[in-house]
Amino acid sequence: MAVDMKGRVLAVCLGLGIILLTTSWTTNTAIAQTIVVDASPSHVVNTFSPVRSLGAAIDRLKTGTPDHLLTNPLLKEILNAGWQTVTYRQNTELMVEAWHWNPHGTWSDPEKQQGYFVGAAEPSEEMIRHSWAAPLPHRGFSRGDGNGWSRLTDGDLKSYWKSNPYLTKAFTGEDDSLHPQWVMIDLGSKVPVNAIRIAWAEPYAKHYLVQFWTGELEPFYDGTTKGSWQTFPLGTVTEGKGGIATQKLVSWMIPVRYLRIWMTESSNTCDSHGSADKRNCVGYAINELYVGALSADGQFNDYITHFPSRDQTVTWPSSVDPWHAASDIDESRGDQVGFDFFFTSGVTRGLPTMVPIAMLYSTPEDAANEIAYLYKRRYPISWIEMGEEADGQHMLPEDYGALYLQFAAAIHRLVPEAKLGGPSFEGTLEDVEVWPDVAGKVSWLGRFLDYLRAHGRLNDFTFFSFEHYPYQDKPTYSWADLYSEPEYVRHIVQVWKDNGLPPDIPFFMTEGNIGGGAGVSTVKGALWLADYVGSMMTAGAGATYYFHYMPSPGRWGGAYPLLLIDENYNVKGYPPQYMASQVITKEWAQPVDAPHKVFKASSEVTDDAGTVLVTAYAVERPDGRWSVMLVNRDQYNDHAVKVVFNGGIPGRHRHFSGPVDRITFGSNEYQWHPEGERGHADPDGPPAKSKISGGPDTSYSLPMASVTVLRGSLGEQ
């Protein structure tokens, strides 16, 4: 159970100090294996400041919780984990919602309190303590976060999906055919079809193609490049008239699961909101979709399930119109945390913060006003992330690029110095690929960068961001899965570089954790976290941000909580990732705003199959000492290692010399005792600390399933 942290540390030091200094922390050199640090001054692989590079992510919080989580004494406990800078996540875009970052602002249709809302840029005496969002009424997604459903198959001929007006010529300056809009239908399994019926709303498509997917896998992610979209023999429409259009697609039956309507020319007629705003009169809109078989006598047999819930037939759109009304705002879906409360609560430590703008479902004016507001408040801002997980919402890179340029221009008109970037790829271990363009290129990042270059605007892109959840789709994982993490990081970073990420543009992992079954019962999540942070900083990241930073009341069985708290927000335990966070941020790194130089380290501690069991991450700290973080991923065995620093001169090496700090956290310091839903850990930390006399013959014991930091000065060669 939780007790005072300082008291526990003091008790351990007083009670065990003599033993730690004299016994099992060193071992016989004959059985020690070697860790080699490439410490040549010319071989620095990264330089970072922990205060600006080792951070945490704060997402949308459950309604009613921010007032407890962002105030002491709980906030003090959260901050004591050691993470420094913060990135503010933008969850409303994942929910397909319009975000009201400022409850005060103006509507494009003020009389009816509807249309396109723009938050006020001018601060007032009233603090923005909470911010809410509005589910979009013209949504076309029947999947994704939240509980929204698609208007394309909801059975209501009065509702409709509509595409984003900011992707039309009126706003991009480019022909609409360069930004095709589309909707996709998943019938659930292959079904013989020969016809489609589209109940068009206004504006409708004058020119469109109806296509089917040829691959066996889904058209996104794994199956993106393992199939192609083929137009039905009778699926080309060049003079669409709108209304309810029944289109025979083929004179026989074709078994298909996925269909796509690819729209390239709009009628530019006005939707149900009228002609006063040109945004109502561009793009495409559909009331309802039907797919099935057309008999010889003209009878249409529909295979679509029409229902206003997620029980409907699944659809995805290319984009969604951010039009909404005040009545759509739903405070029960979570608090995006008001900016004034966020910045004055103390959670940012007063450090420059990465903030987001809503871009996929917002307007350039609203985003620009948000950034102007923050600057007028004089809140320290580091970077501005443009939108949230566009790839996960299947937005094509050219569409994201078109929005990016419009929003960047609007922001820079008000705040010229703002540093913009993105696209906050959702957690992925492989390249993000999309349907091939006319040149056959499938790289999402590569095509986005091409779009910026073609428009002479690459200077508006100052950083690249992505998320990292290696096991987010697995309910659990084995210890062997831990071995893959360093290669996962190395591989994905190399992928971004191969896709053309300019070497002078920093990259940030802005939200991530292990995912899967990394709860409180074992130290697996702690070992993964140390391995991940060490790997990512060695790979050259500008910053990495831990998630979930904010604990959930009573949610002890959830994945990777930072703290265990009860329904009254009292701390009841310190899970493994809390302890690992302290080892990383306070022991491995020196918690100061000064450069840390990262060097590669290799390990010869392997099993019979050649799997590396102990990984190593080395930094030269601003205090002049060297710090090596060692992760023993062997669940059952201790290992002894010698640490050698190779300075680049053959035959001449250096070693730790004099007193060496040794800090360890692992399965010896944390044991979980299940008691139904109210289990507890005993011991529950803290990390064990000792001092060792370093030298060329010293070996260091690494307990099984542990993270160990060795920190000291080097002797002469």
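As shown above, the structure is provided for reference.
Residues numbered from 1 in each chain as written. Predicted model: local features only at pLDDT ≥ 70, side-chain atom pairs only at ≥ 80, totals over all residues. Heavy atoms only, no water.

Caption draft 1: Region of the structure containing the nonpolar core. Tyr208, Met386, Tyr400, Tyr404, Trp496, Tyr549 and Trp588 are the most contacted members of the largest nonpolar core, which has 183 residues in total. Those residues in contact with Tyr549 that lie beyond four places of it in its chain are Ala56, Ala57, Ile58, Ile78, Leu79, Trp83, Val86, Val347, Arg349 and Leu562. One finds Ile35, Val37, Leu630 and Val643 within the second-largest nonpolar core, a separate group that totals 22 residues. (Core = buried A, V, L, I, M, F, W, Y, C linked by side-chain atoms within 4.5 Å. Buried < 20%, exposed > 50% of the residue type's maximum accessible area, 1.4 Å probe, protein only. Contact = heavy atoms within 4.5 Å.)

Caption draft 2: Here's a closer look at the sheet that holds strand E18 (residues 314–317). Taken in spatial order, the five strands make up an open sheet running E13-E12-E15-E10-E18, and their pairing is antiparallel. If you trace the sheet from one side to the other, it starts and ends with strand E13 (229–237) and E18, each paired once. Adjacent strand axes in the sheet meet at a mean angle of 25° when their direction is disregarded. Relative to E18, strand E10 (residues 181–193) runs antiparallel, the two sharing four bridges. Looking across to E18, one finds that Asp186 is bridged to Val314. (Pairing = 2+ DSSP bridges. Helix = DSSP H or I, 4+ residues; strand = E, 2+ residues; numbered from the N terminus. Axes fitted to C-alpha atoms, helices over the stretch in contact; angles between N-to-C directions.)

Caption draft 3: Just the state of the cysteines, in detail. Counted under the stated rule, the structure contains one disulfide. Sulfur-sulfur distance for the disulfide between Cys270 and Cys281 comes to 2.0 Å. Taking the sign of the torsion about the S-S bond as the criterion, the disulfide between Cys270 and Cys281, at about 100°, is right-handed. Of the two residues, Cys270 sits in the loop between strand E15 (254–266) and strand E16 (285–294) while Cys281 sits in the loop between E15 and E16, which places them 11 residues apart along the sequence. Residue class for Cys270 comes out partly exposed when judged on its relative accessible area of 29%. (Disulfide = S-S within 2.5 Å.)

Caption draft 4: The arrangement of the layout of surface pockets in detail. In this structure, the largest pocket occupies an estimated 1,600 Å³ of space. Around the largest pocket sit 50 residues that line it, and Tyr221, Gly392, Glu426, Gly427 and Gln472 are the ones nearest its centre. Here the residues of the lining of the largest pocket sort into 21 nonpolar, 10 polar and 19 charged. (1 Å grid on protein atoms, 1.4 Å probe; cavity = no way out; pocket = protein on both sides within 12 Å on 5 of 7 lines; lining within 4 Å. Points joined across faces, edges and corners; volume = space filled by probe spheres on them. Nonpolar A, V, L, I, M, F, W, Y, C, P; charged D, E, K, R; others polar.)

Caption draft 5: Structural detail: helix H11 (residues 524–538). Between the first and last C-alpha of H11 there are 21 Å, a value that for 15 residues agrees with the 21 Å anticipated at 1.5 Å per step. By the criterion of burial, H11 is predominantly enclosed, with 15 of the 15 residues buried. Where H11 terminates, the next one or two residues include Gly540, which has phi positive at roughly 105°. (Expected span 1.5 Å × (residues − 1).)

Caption draft 6: Spatial organisation of unusual backbone geometry. Here the amide bond leading from Asp682 into Pro683 is cis, since omega sits at 5°, within 30 degrees of zero. The peptide bond linking Gly685 to Pro686 adopts the cis configuration, its omega dihedral lying at 0°. Phi is positive for Gln113, close to 55°, though the residue is something other than glycine. With respect to the helices and strands, the residue Gln113 is situated in the loop between strand E6 (105–109) and strand E7 (114–119). Classification of Gln113 by relative accessible area gives partly exposed; the value is 38%. For Ala705, which is not glycine, the phi torsion reads 50° and is therefore positive. Within the secondary structure, Ala705 sits in the loop between strand E38 (700–702) and strand E39 (706–714).

Caption draft 7: Quick peek at empty space enclosed by the protein. Under the definition given, this model contains seven cavities of 30 Å³ or more. In this model, the largest cavity occupies a volume close to 90 Å³. The wall of the largest cavity is formed by Ala98, Trp99, His100, Tyr116, Phe117, Pro322, His324, Ala358, Tyr361, Ser362, Thr363 and Asp366. Sorting the residues of the lining of the largest cavity by element identifies strand E5 (97–100) and E7 as the ones contributing at least two each. Top element by residues in the lining of the largest cavity is E5. It accounts for three residues. Residues belonging to the lining of the largest cavity are distributed by class as follows: seven nonpolar, four polar and one charged. Taken as a whole, the second largest cavity encloses approximately 60 Å³ of empty space.

Caption draft 8: Broad picture of the sheet that holds E6. One open sheet accounts for three strands, arranged E6-E7-E19; its pairing is antiparallel. Each edge of the open sheet carries a strand with a single partner, namely E6 and strand E19 (324–325). Relative to E7, E6 is paired through four bridges, and the arrangement is antiparallel. Within E7, the position partnered with Thr106 by the bridge is Val118.

Caption draft 9: Focus on helix H12 (residues 576–588). Among the 13 residues of H12, 12 are classified as buried, and the element is accordingly described as predominantly covered. Buried residues of H12: Pro576, Gln577, Tyr578, Met579, Ala580, Ser581, Gln582, Val583, Ile584, Thr585, Glu587 and Trp588, and no others.

Caption draft 10: Expanded view of the environment of Val495. Its place among the elements puts Val495 in helix H10 (residues 485–498). Judged by relative accessible area, which is 10%, Val495 ranks as buried. Taking the C-alpha atoms as reference points, Val495 and Asp431, 64 residues apart in sequence, are found 6.2 Å from one another.

Caption draft 11: Here's a closer look at the packing of aromatic side chains. In this structure the tally under the stated criterion is 45 aromatic pairs. Pairing Phe425 with Phe464 gives two aromatic rings, centres 5.7 Å apart and planes at 80°, and the pair type is edge-to-face. Of this pair, Phe425 sits in strand E22 (residues 420–425) while Phe464 sits in strand E23 (residues 463–468), and the two are 39 residues apart along the sequence. According to the relative accessible area criterion, Phe425 is buried, its value standing at 0%. Each ring, one from Phe463 and one from Phe508, has its centre 5.5 Å from the other, and the planes form 35°; the classification is tilted. Of the two residues, Phe463 is situated in strand E23 and Phe508 in strand E24 (residues 507–512); the sequence distance between them amounts to 45 residues. (Phe/Tyr/Trp six-rings, centres within 6.5 Å; stacked < 30°, edge-to-face > 60°.)

Caption draft 12: How the structure looks around the packing of helix H8 (residues 397–414) against helix H9 (residues 444–454). Viewed as axis vectors pointing N to C, H8 and H9 meet at an angle of 40°, and their least axial separation amounts to 8 Å. Considering the angle they form, H8 stands oblique to H9. For H8 against H9, the interelement crossing comes out right-handed. Contacts between H8 and H9 pair Pro397, Glu398, Tyr400, Gly401, Ala402, Tyr404 and Leu405 from the former with Trp444, Arg447, Phe448, Tyr451 and Leu452 from the latter. Looking at side-chain class alone, the contact of H8 with H9 contains nine nonpolar, one polar and two charged residues. (Parallel < 35°, antiparallel > 145°, perpendicular 65-115°, else oblique. Left-handed = near helix turned anticlockwise from the far one by under 90°.)

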